[in-house]
Amino acid sequence: MAGAIEWHSGDWRAAQALAGTAGRPLFLYWGAGWCPPCNRVKSEIFSRDEFAVRLRGLVPFWLDGDAPGAQALAAQLKLRSYPTLVLFAPDGSEITRLPCELDGELFSDALDTALAASHTAAQSLQAACDGSRALSAAEWKLLSHYSWDTDEDVLLAGRAPGATLAALAQAAASVAPDAAVRLRLLSLLFPVTATAGAVAAPDGAGANGAAATVAGAGGAGGVTAAVGFAGAAEIAVAATTDAFLLGVCRDSRLARANMDIFGNSGAQLLKLAGAAQPELASALAQAAQAWADDMWLSVPDRLTAVRLQMRMARFGHAAAGLPELVRVRAAAALAEVDDPYERHTLVNTAVSALNDAGLSAEAEALLQAELARSHSPYYFMLSLASSAKRRGDTAGMLSCYEQAWRAATGSATRLQWGVTYLSAVLDNAPGDSARIETAAAGILTDVNATADVFSQRNLAQARRLAAKLSGTSHAPALQQALRPAL
């Protein structure tokens, strides 16, 4: 478990000083107790013996979003999404940000690549953009396993992510085809803007040794068959999005290497497909079936694969009995897992899968049954509120939001949950002044007790609530306290 690692916490400057004096890289974890992906990282990555061994040569720093001053430090380090995993060099420079969705084995491999890197991810990206030198295969791999969705403009520095990743994929294809495939997959998760610039392909780095722009990087139309691909290099530069995605899904090795992307964003990718959408849905469902039966994967990851099979039915994958498969696999998975971290992420996945299968009553029953057992029941109360909202039960929804807020612990968490509750009341019961003022008074107490209330995630919540209250006569004292957020 995470306890096998000797984490530093609290004094960031002391941890930096230790890393510099000892000449050891610093590994930072930023997260929260209630966050399902954070719990997955704790159970799937931090619990591994090989990961703990790797961290003995590093300075591991645990930054909880509810710790005193954590949001202010997060603003300084450009951390926002939970979890964010950052590797720093001993001199304090940021080497890379690592994706939390990888399984334990692939994450360890990505960490090894980062630890062996001769250039930071920022340096490699800059060289790729200005064409000053050719990137090595290891550099392309580092970029392909960068956590672009938690970048906070550290690497991108104003560049459009979709266009940048598409161009990187094109430039990497002949040198590091596996990295090119992953970069192209990632590029599809971001909207491409017409004004984005190009990424240069230094001699030997791109297909033609020329600037690799995003023009023609793949639309939905055109060829729909992926038969005949020789390997990753050819798949990476497939002429259309349909052909590219089919090629990846039909290559078991490439599909498995990018299971994290498909498991979390498979439906988003399918929406980009053209005429091959039903064929692609069946290919991805077939890959997901193999992952669901892979006993080397964690229980939550196997259930994620079952959920992916269910989601592919929306796009033309015809398979009988998928809802029953979800029901059976979810029950079996829940019976198998007792570890509190693993179970937290598993319950979240099971609820999502059951809802996708049309088994909303069973999903709600699972949430209710888990409240007494969970280390963060207030998180699941938000899901119960969503269930009530779907049923049209406004009173039940507001009750769940209120219970969640009152049960929440930690300054940043309480602010987020409080803003969610009060916003729901303002939207659904604007005439309930007593309820509004009671909630506002509680939130004001938390605001006044939080030193970094106008930093990072706290600031986003303060702005959200200030905007919601603006123009109303409600909660004048809270409005005054939140004015700096605007």
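Calculation rules
Residues numbered from 1 in each chain as written. Predicted model: local features only at pLDDT ≥ 70, side-chain atom pairs only at ≥ 80, totals over all residues. Heavy atoms only, no water. Helix = DSSP H or I, 4+ residues; strand = E, 2+ residues; numbered from the N terminus. Rg over C-alpha atoms; globule rule 2.2 N^0.38 Å. Buried < 20%, exposed > 50% of the residue type's maximum accessible area, 1.4 Å probe, protein only. Salt bridge = Lys/Arg side-chain N within 4 Å of Asp/Glu carboxyl O. Pairing = 2+ DSSP bridges. Phe/Tyr/Trp six-rings, centres within 6.5 Å; stacked < 30°, edge-to-face > 60°. Polar contact = N/O pair within 3.5 Å; in protein donor to acceptor, adjacent residues only side chain to side chain. Contact = heavy atoms within 4.5 Å. Core = buried A, V, L, I, M, F, W, Y, C linked by side-chain atoms within 4.5 Å. Axes fitted to C-alpha atoms, helices over the stretch in contact; angles between N-to-C directions. Parallel < 35°, antiparallel > 145°, perpendicular 65-115°, else oblique. Left-handed = near helix turned anticlockwise from the far one by under 90°. pLDDT = per-residue confidence, 0-100. Expected span 1.5 Å × (residues − 1).

**A short note on the overall build of the protein**
And step 1. Helix and strand content of the protein: 24 helices and 4 strands.
And step 2. In terms of C-alpha radius of gyration, the protein reaches 23 Å, essentially the compact-globule figure of 23 Å for 486 residues.
And step 3. The dimensions of the protein, computed from C-alpha atoms along their principal axes, are 70 × 60 × 45 Å.
And step 4. A burial count over the protein gives 55% of its 486 residues as buried.

**Notes on the pattern of salt bridges**
And step 1. Enumeration according to the criterion identifies 26 salt bridges in this entry.
And step 2. Between Arg 80 and Glu 152 there is a salt bridge, and its shortest N-O distance comes to 3.1 Å. Taken together, the positions of Arg 80 in the loop between α4 (70-77) and β3 (84-88) and Glu 152 in the loop between α7 (137-144) and α8 (161-172) put the pair 72 residues apart, joining distant regions of the chain.
And step 3. Among the salt bridges present, the one from Glu 336 reaches Arg 302, with a minimum N-O distance of 3.6 Å. With Glu 336 in helix α16 (residues 322-336) and Arg 302 in helix α15 (residues 299-312), this pair connects stretches of sequence that are 34 residues apart.
And step 4. When its relative accessible area of 48% is taken as the criterion, Glu 336 is described as partly exposed.

**Some remarks on the pairing of β3**
A regular strand carries its side chains on alternate faces of the sheet.
And step 1. Here β3 lies mainly inside the structure; 5 of its 5 residues are buried.
And step 2. Alternating residues of β3 divide into Thr 84, Val 86 and Phe 88 and Leu 85 and Leu 87, and every residue in both groups is buried.
And step 3. Pairing of strand β1 (residues 26-31) with β3, which is carried by 5 bridges, proceeds in the antiparallel orientation. Within β3, the position partnered with Leu 28 by the bridge is Val 86.

**A few points about the packing of aromatic side chains**
Working definition: an aromatic ring pair is given by the centre-to-centre distance plus the angle between the planes.
And step 1. By the definition in use, this model includes 22 aromatic pairs.
And step 2. Here Trp 34 and Tyr 82 contribute two aromatic rings whose centre-to-centre distance is 5.8 Å and whose plane-to-plane angle is 70°, an arrangement assigned as edge-to-face. One end of the pair, Trp 34, is in the loop between β1 and α2 (36-46); the other, Tyr 82, is in the loop between α4 and β3, and 48 residues separate them in sequence.
And step 3. Classification of Trp 34 as buried rests on a relative accessible area of 9%.
And step 4. Note on Tyr 82: relative accessible area 12%, which makes it buried.

**Quick notes on the side chain of Arg 302**
And step 1. The exposure class of Arg 302 is buried, given its relative accessible area of 10%.
And step 2. A distance of 2.7 Å separates a polar atom in the side chain of Arg 302 from the backbone oxygen of Leu 297.
And step 3. Residues contacting Arg 302, with those up to four places away along its chain left out, are Trp 291, Ala 292, Asp 294, Met 295, Leu 297 and Glu 336.

**Some remarks on the nonpolar core**
And step 1. In this structure, Phe 27, Leu 28, Phe 46, Trp 140, Trp 148, Trp 291 and Leu 478 are the most contacted members of the largest nonpolar core, which totals 168 residues.
And step 2. Setting aside residues up to four positions removed in sequence, Trp 148 forms contacts with Leu 125, Leu 143, Leu 155, Leu 156, Leu 165, Leu 168, Leu 183, Leu 186 and Phe 190.

**Looking at the packing of α2 against helix α17 (residues 340-356)**
Each pair of packed helices can be described by the angle between their axes along with the distance between the axes.
And step 1. Their axes nearest at 8 Å, the elements α2 and α17 cross at an angle of 140°. Taken as axis vectors, α2 and α17 run oblique relative to one another. The handedness of the crossing between α2 and α17 is left-handed. Across the interface between the two elements, Pro 36, Asn 39, Arg 40, Lys 42 and Ser 43 of α2 pack against Pro 340, Tyr 341, Glu 342, His 344, Thr 345 and Asn 348 of α17.

**Brief notes about the pairing of strand β4 (residues 94-98)**
And step 1. Among the 5 residues of β4, 5 are classified as buried, and the element is accordingly described as predominantly covered.
And step 2. Strand direction decides the pairing type here: β3 and β4, joined by 4 bridges, are antiparallel. Across the sheet, the residue bridging to Leu 85 is Leu 98, located in β4.

**Some remarks on the confidence of the model for the protein**
And step 1. Residues at a pLDDT of 70 or more form 92% of the protein, whose mean pLDDT is 92.
And step 2. Contacts for the low-pLDDT stretch residues 201-228, under 50 throughout, to residues beyond four places or in other chains number 68 contacts.

**Brief notes about the sheet that holds β3**
And step 1. Strand order in the open sheet formed by 4 strands is β2-β1-β3-β4, and the pairing between neighbours is mixed. A single partner strand is all that each edge strand has here, and the edge strands are β2 (59-64) and β4. Recorded for the sheet is a direction-independent mean angle of 20° between the axes of neighbouring strands.
And step 2. Judged from the 6 bridges that link them, β1 and β2 form a sheet pairing that is parallel. Bridge assignment links Gly 31 to a residue of β2, and that residue is Asp 64.
And step 3. Each of β1, β3 and β4 touches helix α5 (residues 104-115); the most contacted strand, β4, lies at about 170° to it.

**A short note on the packing of helix α21 (residues 411-428) against helix α23 (residues 456-469)**
And step 1. Between α21 and α23, the shortest axis-to-axis distance is 10 Å and the interhelical angle comes to 20°. When the axes of α21 and α23 are compared, the pair comes out roughly parallel. Handedness of the crossing formed by α21 with α23: left-handed. Residues Ala 412, Leu 415, Gln 416, Val 419, Thr 420, Leu 422, Ser 423, Leu 426 and Asp 427 of α21 form the contact with α23, whose participating residues are Arg 457, Asn 458, Gln 461, Arg 464, Leu 465, Lys 468 and Leu 469.

**Digging into helix α11 (residues 241-250)**
And step 1. Along α11, 9 of the 10 residues are buried, which leaves the element largely enclosed by surrounding structure.
And step 2. Buried residues of α11: Thr 241, Asp 242, Ala 243, Phe 244, Leu 245, Leu 246, Gly 247, Val 248 and Cys 249, and no others.
And step 3. Its buried side turned inward, α11 meets α9 (177-187), α10 (232-236), α12 (252-257), α13 (259-270) and α14 (277-292).

**A closer look at α23**
And step 1. Compared with the 20 Å implied by 1.5 Å per residue over 14 residues, the 20 Å span of α23 between its first and last C-alpha is a close match.
And step 2. Buried positions along α23 lie against β1, α4, α21, α22 (433-449) and α24 (476-482).
And step 3. Gly 471, located one to two residues past α23, shows a positive phi value of around 85°.

**Brief notes about unusual backbone geometry**
And step 1. Here the amide bond leading from Tyr 82 into Pro 83 is cis, since omega sits at -15°, within 30 degrees of zero.
And step 2. Along the chain, the position of Pro 83 falls in the loop between α4 and β3.
And step 3. You will see that Glu 152, though not glycine, has its phi angle at about 55°, which is positive.
And step 4. We note that Ala 475 has phi near 45°; this positive angle belongs to a residue other than glycine.
And step 5. Note that Ala 475 resides in the loop between α23 and α24.
And step 6. Its relative accessible area of 3% is what places Ala 475 among the buried residues.

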